[in-house]
Amino acid sequence: MNLIKIKILHVQVSPVFSGAVKFSFDILSNLDKEKYDPYIIYSNTEPVNQNLKDEFIKRFEQNGIKTIGSKYLKRKISFADIRSVFELYYIIKGISPDIVNSISSKPWIICSLLSLFVKRPRFIHTIQGLSWHSGISFFKRKFYYFLEWFAALGNDKIVFVNRLYMKDFKYFADKSVYIPNCLEFRKADSFSNEESVDVRLLFIGRIDPQKDILTLLKAFNLVVRKSLLINIYLDIVGDDTIGEGHELLKAKEFIAKNPGLSRLVRFHGWHSNIDPFLAKSNIFISTSIYEGFGIVFLEAGNYYLPVISTNVDGIPEVVRHGSGGLLAHKYDYIQIAEYIETLCLDKTLRLKMGQSHGSYVRTNFSKDLIVSKYDELYTNLTKDS
């Protein structure tokens, strides 16, 4: 048995089991504990429901991953960022990890800055999404691009969850690695929830500007108003869990202005266990305006559900248009409505696409495959240090 373990430190922000946190959990909990000693830092000051935070801590700790709450690390830019630099410096010095793996943009910038002063750990970053997406103003995009380009200078390796983003960092090709996200899939060859005459669409995710819930509701409303589909329902699983924006309020106001939707659309709030919703659904739908990867598309494939979504960023690498689902341009609620109608009316196509998507994600994004790639990456980095 190897007595000297490799210390791995993941740095996150929000202590809620969203996509990026699920990534850290899947990787850290499945690494060989005889070989690795895993840690995770999270923000202890983000406006998150205490029950969700307690669940975050419990699940990581139960899987042998030590959790450390940061007093100053926050999602939004503020003067607290200066204090978080010093805080993370002392945490890293105290733990003395072999590898620091930042996940979201704020930890990326802070950890890359620390790489100038703390020489022992190897610093890598996994890009789950870019902060300079097209959904923000031109000047913000340029500013955030400069910050992330600067951050890349401080990394020993940069891990990309999609190949598209690699084109934006060609200068760092020598330190770039492609490793997509993963899921532990159900042992099932197929799945069908077609006993009922009802067709249930399912959305899962944060209700924030990125997910563009209004485009989804506009598309659904158009289908309800113009088609003969009377047994179609939309389940929305998610909430404004991090206290940003008022997208949930806007969504409910839209439904109030279109009362025909009130009996067809149901908001379920945040649920960490989404399996019951997937098990009773027929189609998974998402209208994101940007998405680095989207673990939720793997979760849809876990239940062999066809996908309707947008063709932005990394989504086409996970959902193959015309095979595992149908992809529209962002904001195009008319095209999305046509896709909804197509899959609702054609049960055979629905089942065929669901089967194709489920088989594809199992082949390319299995937990064992991706964890082995991170194990190889971490091992090689420690050998080089």
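What counts, and where the lines are drawn
Residues numbered from 1 in each chain as written. Predicted model: local features only at pLDDT ≥ 70, side-chain atom pairs only at ≥ 80, totals over all residues. Heavy atoms only, no water. Helix = DSSP H or I, 4+ residues; strand = E, 2+ residues; numbered from the N terminus. Rg over C-alpha atoms; globule rule 2.2 N^0.38 Å. Buried < 20%, exposed > 50% of the residue type's maximum accessible area, 1.4 Å probe, protein only. Contact = heavy atoms within 4.5 Å. Areas by Shrake-Rupley, 256 points an atom, 1.4 Å probe, with all protein chains shown as cover. Lys, Arg positive; Asp, Glu negative; His and termini not counted. Charge placed at Lys NZ, Arg CZ, Asp CG, Glu CD. Salt bridge = Lys/Arg side-chain N within 4 Å of Asp/Glu carboxyl O. 1 Å grid on protein atoms, 1.4 Å probe; cavity = no way out; pocket = protein on both sides within 12 Å on 5 of 7 lines; lining within 4 Å. Points joined across faces, edges and corners; volume = space filled by probe spheres on them. Nonpolar A, V, L, I, M, F, W, Y, C, P; charged D, E, K, R; others polar. Pairing = 2+ DSSP bridges. Polar contact = N/O pair within 3.5 Å; in protein donor to acceptor, adjacent residues only side chain to side chain.

A.B. asks: Mind showing me how you'd approach the overall build of the protein here?
C.D. replies: Helix and strand content of the protein: 13 helices and 13 strands. A compact globule built from 385 residues would reach a C-alpha radius of gyration of about 21 Å, and the protein, at 21 Å, matches this within 12%. Overall size of the protein, expressed as C-alpha extent along the three principal axes, is 65 × 45 × 40 Å. Buried residues in the protein amount to 55% of all 385 residues. Sequence-distant contacts, at least 24 apart, represent 73% of the contacts inside the protein between residues at least 6 apart. Put simply, the protein shows about 17000 Å² of open surface, and 54% of that area lies on carbon and sulfur atoms. With 50 positive and 41 negative side-chain charges, the protein shows a spacing of 3 Å between the two charge centroids.

A.B. asks: In this structure, what is going on with the pattern of salt bridges? I would like to understand it.
C.D. replies: Any two side chains of opposite charge can pair, on the condition that their charged atoms come close. In this structure the tally under the stated criterion is 13 salt bridges. Notably, a salt bridge pairs Glu 46 with Arg 75, separated by 3.9 Å at the nearest N-O pair. Of this pair, Glu 46 sits in the loop between β2 (36-43) and α2 (50-62) while Arg 75 sits in the loop between β3 (66-70) and α3 (80-95), and the two are 29 residues apart along the sequence. According to the relative accessible area criterion, Glu 46 is buried, its value standing at 8%. Its relative accessible area of 33% is what places Arg 75 among the partly exposed residues. The shortest N-O distance in the salt bridge between Lys 211 and Glu 291 comes to 2.8 Å. Of this pair, Lys 211 sits in the loop between β8 (199-204) and α6 (213-226) while Glu 291 sits in the loop between β11 (283-285) and α9 (295-302), placing them 80 residues apart in sequence. The pair Lys 211 / Glu 291 is uniform in exposure class, with both members buried. Here the salt bridges share partners, and the residues they tie into one network are Glu 184, Lys 367 and Asp 368.

A.B. asks: I keep staring at the layout of surface pockets and nothing clicks. Help me out?
C.D. replies: The gaps left among the atoms become clear once a water-sized probe is rolled over them. Taken as a whole, the second largest pocket holds about 400 Å³ of empty space. Along the walls of the second largest pocket sit 17 residues, with Lys 22, Asp 26, Arg 59, Leu 183 and Glu 299 positioned nearest its centre. Those elements giving two or more residues to the lining of the second largest pocket turn out to be α1 (19-30), α8 (275-279) and α9. Sort the elements by how many residues they give to the lining of the second largest pocket and α1 lands first, with 5 residues. Tallied by class, the residues present in the lining of the second largest pocket amount to 6 nonpolar, 5 polar and 6 charged.

A.B. asks: Got a minute to help me understand unusual backbone geometry in this structure?
C.D. replies: Note: most peptide bonds trans; most residues except glycine with negative phi. With a phi angle near 55°, Ser 96 is a residue other than glycine that sits in the positive phi range. Notably, Asp 313 is not glycine yet its phi reads approximately 50°, a positive angle. In this structure, Asp 313 sits in the loop between β12 (307-310) and α10 (315-318). We classify Asp 313 as partly exposed; its relative accessible area is 22%.

A.B. asks: Mind showing me how you'd approach the pairing of strand β9 (residues 232-237) here?
C.D. replies: Across a regular strand the side chains alternate sides, sitting on one face of the sheet and then on the other. The buried fraction of β9 is high, at 6 of 6 residues. Side chains of β9 alternate between two faces, with Ile 232, Leu 234 and Ile 236 and Tyr 233, Asp 235 and Val 237 buried alike. Here β8 pairs with β9 via 6 bridges, running parallel. Within the sheet, the bridge partner assigned to Arg 200 lies in β9 and is Tyr 233. By the bridge criterion, 4 bridges tie β9 to strand β10 (residues 265-269) in an arrangement that is parallel. In the strand pairing of β10, Ile 236 is matched with Phe 267.

A.B. asks: How do you make sense of the side chain of Lys 106 when you look at a structure like this?
C.D. replies: By the element assignment, Lys 106 lies in helix α4 (residues 105-114). For Lys 106, the side chain forms a polar contact with the main-chain oxygen of Lys 76, separated by 2.9 Å. Excluding its chain neighbours within four sequence positions, the residues that come into contact with Lys 106 are Leu 73, Lys 74, Arg 75, Lys 76, Ile 77 and Asp 81.

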